[in-house]
There are 2 protein chains.
Amino acid sequence: MDEQKKNATIYDVAAAVGVSLATVSRVVNGSDSVRPATRDKVLAAIEELGYQPNAVARGLASKKTTTVGVVIPDITNLFYSELTRGIDDIARMYQYDVLLTNTDDEEEQAMTAIKNLAQKQVDGIIYMGTKLSEKVLSAVRATGVPVVLAGSVAGDGALPSVNIDYTAAFQEITTKFLNKNHSRVALVLGSKDRTIDEKFRLEGYKKALEEAGESFDESLVFTGAKGYAAGQKLAAQIIEQKAQAVVAYEDEVALGILNAVQDAGYKVPEDLEIISSNNTTYTLVARPELSSINQPKYDIGAVAMRMLTKLMNKEEVGEDQVKLPYTLVERASTM
Amino acid sequence: MDEQKKNATIYDVAAAVGVSLATVSRVVNGSDSVRPATRDKVLAAIEELGYQPNAVARGLASKKTTTVGVVIPDITNLFYSELTRGIDDIARMYQYDVLLTNTDDEEEQAMTAIKNLAQKQVDGIIYMGTKLSEKVLSAVRATGVPVVLAGSVAGDGALPSVNIDYTAAFQEITTKFLNKNHSRVALVLGSKDRTIDEKFRLEGYKKALEEAGESFDESLVFTGAKGYAAGQKLAAQIIEQKAQAVVAYEDEVALGILNAVQDAGYKVPEDLEIISSNNTTYTLVARPELSSINQPKYDIGAVAMRMLTKLMNKEEVGEDQVKLPYTLVERASTM
DNA sequence: TTGAAAGCGCTAACAA
DNA sequence: TTGTTAGCGCTTTCAA
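- You'll find chain A entered in an unreviewed UniProt entry as Catabolite control protein A, with Fructobacillus broussonetiae given as the organism.
- According to the UniProt record, the Function (unreviewed entry) comment for chain A is "Global transcriptional regulator of carbon catabolite repression (CCR) and carbon catabolite activation (CCA), which ensures optimal energy usage under diverse conditions."

What follows is the structure, given as structure tokens:
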């Protein structure tokens, strides 16, 4: 019980028992070609000396660090933190540790993060972000380790990924509104260069219009609003455009719109219906509660991490472009 | 530009330039005892070969991993994720990476996490949690690396820590209510065994009562409610106790109480005043907006990490029990 | 200013 | 079943 004495090494254990390093190593790594009696003696010595394997030495010798890198825009964003929780839980289950880096969704920070993870010899990487430039993509590839995109960037098959079908989701809810004779449906997206918004969500919105025979009106698309305060500001413009319904890309911005619109005397959903995407706790605390597209956030993280473990083990992965089912949760902000 | 060819090592660089390993190592580590001409040649070769130092080998040789462990109850909790953001930003500034582990505030998981971090040879640890048992404390100490507690457990000086003065904060807000002749102030705390609640917040509450000459009524103290739904459930009991004001230990539970009370037809703040602690975004999205004790969350994380860098460098740290100032943000849920 | 050489603590053939 | 022996890629004295 006295583990004070200067970190015992595998050498000390071997010496104490009178066996070779290799034997101790075998016991530690659970190899079965060790005689039970020997194993017991070794185990006893390990306990006695309080021996803990040094993962760094192990990593150097085995070229495996049992560490994965997680690249995330911002951990304080509820959407990403829930993904991360799924990642972390599964990582731990498979004995991996998580090295976390925030990037604010910026290319430069992503580059630094990836370079750094490569130096630390991580065994794999989970990448989250709303965009993935060629530059970052090639840096990621250059690391030579498996990478899985989770719940945000939807790579066009360039890398394994786990997502929901953003296009289908946005098409579905837009159609829902159009079918109620709301011809003016506002669409609120993140910044211009987000692949996920420009390429998938906008596309779903346009498809819905097309199918309904409605023309696309650019003045109903609002880009670049991020966070609660931005949503509050946007409210006036949305009202000005005489929108009858709003489809928003995330909960905080939707909540900002919801509150500001009501503070201005309009009624939700009577005067304006609102639906958001992500279904974080924010949707529940709102009054009225916000309808939302539910993405299985924890599961996206968990599935991505599970896929990564397979990739790291060079196991067979079936489909590597996973789309998890989303659901539409209808609450009081829609009718 | 072709970094494809099998990770160049320091050896390859040395060979390419015709110098020894030691010289390359010196250049990489910025030692100034290298002739400029030599340095340039080495740098050129590094660029040419796309050499990236292997941090694992470095860690083994130098016994420094430039990695810190961060132990957190739950990354999806806005309070902790904001602390973590502060930690991560400062860590990166000082060239450290962050190894993250969720513990759900459970002793067993904390023990595993610490053991694991020790094996990975982290240079230091930031510990967050609402309690710190003797067992965990001694495990933490046994790692032999510096540890700083951040924003949650308030160690009684046993370990360096960064916090706000929870007792003072709770005393202040309780007094505020008592001064308005609200003799029945409800106190909502986390689970029983949380040092931070039992020892500090409750103490502040009691002090306020004592100073005001009010007697302590146990039926006004509600323990164990966690999260929004729990807050909603609690509302009925609070009303039943004829509380005139509520002091809650976190925002989500406060929000649950706020919404449930209003849904039941009571007016806030006219019938019941509510104040929460943490001042996360939740306080802003509430209607009416929630008054709250603002803890400088990002700063607590940042300051804790900064202190840890000093400790890891064996620099002088002045006071190691830091209390950052809190503020009382008054919004519409109080009068 | 530079180099030689000895590890850091472990894994992983290969032998025995 | 066990041991021997090379490394893994780097830092760091100690000499030159």
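### Focus on the UniProt feature "domain: HTH lacI-type" (unreviewed entry) in chain A
At step 1: Feature annotation in UniProt assigns "domain: HTH lacI-type" (unreviewed entry) to the following positions: residues 8-62 of chain A.
At step 2: For residues 8-62 of chain A, helix accounts for 69% and strand for 0%, while the C-alpha atoms at its two ends are 20 Å apart.

### Side note on helix 8 (residues 166-179) of chain B
All names here are of chain B.
At step 1: Look at helix 8: 20 Å from first C-alpha to last across 14 residues, which is about the 20 Å you get at 1.5 Å a residue.
At step 2: Buried residues of helix 8: Y166, T167, A169, F170, Q171, I173, T174, F177 and L178, and no others.
At step 3: For helix 8, the capping residue at the N-terminal end is D165, with a side-chain oxygen 3.3 Å from the backbone nitrogen of T167.
At step 4: Where helix 8 terminates, the next one or two residues include N181, which has phi positive at roughly 70 degrees.

### Remarks on the protein's contact with DNA strand C
At step 1: Taken together, the neighbourhood of DNA strand C is formed by 26 residues, with I10 and Y51 of chain A together with T23, R26 and T38 of chain B sitting nearest.
At step 2: Near-protein atoms of DNA strand C (within 4 Å) split between backbone and bases, with sugar and phosphate holding 66%.
At step 3: A distance of 2.6 Å separates a phosphate oxygen of DNA strand C from a polar side-chain atom of T23 of chain B.
At step 4: Note that a phosphate oxygen of DNA strand C is positioned 2.5 Å from one of the side-chain N or O atoms of T38 of chain B.
At step 5: Of all the secondary-structure elements, those providing two or more residues to the surface near DNA strand C are helix 2 (21-28) and helix 4 (55-62) of chain A together with helix 2 (21-28) and helix 4 (55-62) of chain B.
At step 6: Counting residues per element, the surface near DNA strand C draws most heavily on helix 4 of chain A, at four residues.
At step 7: Each residue belonging to the surface near DNA strand C can be placed in one class, and the counts come to 11 nonpolar, 10 polar and five charged.

### Overview of the nonpolar core
At step 1: V188, I238 and M305 of chain A together with V188 and M305 of chain B are the most contacted members of the largest nonpolar core, which totals 159 residues.
At step 2: Beyond its immediate stretch of four places on either side in the chain, M305 of chain B contacts V68, I87, I90, A91, Y96, I126 and M312 of chain B.

### Considerations on the interface of chain A and chain B
At step 1: Listed as interface residues are 47 residues of chain A and, on the opposing side, 47 residues of chain B.
At step 2: Three residues, V56, R85 and K120 of chain A, lead the burial of chain A against chain B; their summed loss comes to 15% of the area buried on that side.
At step 3: R85 of chain B is the salt-bridge partner of D74 of chain A, the closest N and O atoms lying 3.0 Å from each other.
At step 4: The interface formed by chain A and chain B includes 30 residue pairs in polar contact (both at pLDDT 80 or more).
At step 5: Among the elements of the structure, helix 4, helix 5 (78-93), strand 2 (97-102), helix 6 (107-119), helix 10 (228-240), helix 11 (251-263) and helix 12 (282-285) of chain A are those that each provide at least two residues to the side of chain A that touches chain B.

### Quick word on the relation of the copies chain A and chain B
At step 1: Note on the copies: chain A fits chain B at an RMSD of 0.1 Å, the axial shift is 0.0 Å, and the rotation between them is 180 degrees. Here the symmetry operator amounts to a two-fold rotation axis. Using C-alpha coordinates, one finds that chain A approaches the rotation axis most closely at L99 of chain A, a distance of 2.3 Å.
At step 2: Comparing contact sets, 100% of the residues at the interface of chain A also lie at the interface in chain B, consistent with an isologous, same-surface contact.

### Observations regarding the protein's contact with DNA strand D
At step 1: In the vicinity of DNA strand D there are 26 residues, among which R26, R35 and T38 of chain A together with I10 and Y51 of chain B approach most closely.
At step 2: Backbone atoms, meaning sugar and phosphate, form 66% of the atoms of DNA strand D found within 4 Å of the protein.
At step 3: The side chain of Y51 of chain B places a nitrogen or oxygen atom 2.6 Å from a phosphate oxygen of DNA strand D.
At step 4: Residue composition of the surface near DNA strand D, grouped by class: 11 nonpolar, 10 polar and five charged.

### Some thoughts on the sheet that holds strand 6 (residues 185-189) of chain A
Residues and elements named next belong to chain A.
At step 1: Spatially, the six strands line up as an open sheet ordered 7-6-8-9-10-12, and their pairing is mixed. A strand with exactly one partner marks an edge of an open sheet, and here the two such strands are strand 7 (221-223) and strand 12 (327-329). The average undirected angle you get between the axes of adjacent strands in this sheet is 20 degrees.
At step 2: As judged from the three bridges shared by strand 10 (residues 291-294) and strand 12, these two strands associate in the antiparallel manner. The residue of strand 12 that forms the bridge with N294 is T327.
At step 3: Contacts from helix 11 reach strand 6, strand 8 (245-248), strand 9 (273-277) and strand 10 within the one sheet, and its direction differs from that of strand 9 by about 160 degrees.

### Topic: helix 13 (residues 297-312) of chain B
Residue and element names in this part refer to chain B.
At step 1: Its 16 residues place the ends of helix 13 23 Å apart at the C-alpha level, agreeing with the 22 Å of an ideal helix rising 1.5 Å per residue.
At step 2: All of the buried residues along helix 13 are K297, I300, G301, A302, A304, M305, M307, L308, T309 and M312.
At step 3: In the stretch just after helix 13, K314 is the one whose phi turns positive, near 55 degrees.

### Overview of the sheet that holds strand 2 (residues 97-102) of chain B
At step 1: An order of 11(A)-5(A)-4(A)-3(A)-1(A)-2(A)-2(B)-1(B)-3(B)-4(B)-5(B)-11(B) is seen for the 12 strands of this open sheet, with the pairing classed as mixed. Each of the sheet's edge strands pairs with one partner strand only, and the pair in question is strand 11 (321-323) of chain A together with strand 11 (321-323) of chain B. With direction set aside, neighbouring strand axes in the sheet form an average angle of 20 degrees.
At step 2: Bridge count for strand 3 (residues 124-127) of chain A against strand 4 (residues 147-150) of chain A is three bridges, and the pairing is parallel. Bridging across to strand 4 of chain A, Y127 of chain A finds its partner in L149 of chain A.
At step 3: Along the sheet, helix 5 (residues 78-93) of chain B makes contact with strand 2 of chain A together with strand 1 (67-72), strand 2, strand 3 (124-127) and strand 4 (147-150) of chain B, crossing strand 2 of chain A at roughly 80 degrees.

What counts, and at which threshold
- Residues numbered from 1 in each chain as written.
- Chains lettered and ligands numbered in written order.
- Predicted model: local features only at pLDDT ≥ 70, side-chain atom pairs only at ≥ 80, totals over all residues.
- Heavy atoms only, no water.
- UniProt positions renumbered as here; feature names shortened; annotations may be inferred.
- Helix = DSSP H or I, 4+ residues; strand = E, 2+ residues; numbered from the N terminus.
- Expected span 1.5 Å × (residues − 1).
- Buried < 20%, exposed > 50% of the residue type's maximum accessible area, 1.4 Å probe, protein only.
- Polar contact = N/O pair within 3.5 Å; in protein donor to acceptor, adjacent residues only side chain to side chain.
- Near = heavy atom within 4 Å.
- Nonpolar A, V, L, I, M, F, W, Y, C, P; charged D, E, K, R; others polar.
- Core = buried A, V, L, I, M, F, W, Y, C linked by side-chain atoms within 4.5 Å.
- Contact = heavy atoms within 4.5 Å.
- Buried area = accessible area lost by both parts, 1.4 Å probe.
- Salt bridge = Lys/Arg side-chain N within 4 Å of Asp/Glu carboxyl O.
- Least-squares fit on C-alpha atoms with pLDDT ≥ 70 in both.
- Pairing = 2+ DSSP bridges.
- Axes fitted to C-alpha atoms, helices over the stretch in contact; angles between N-to-C directions.

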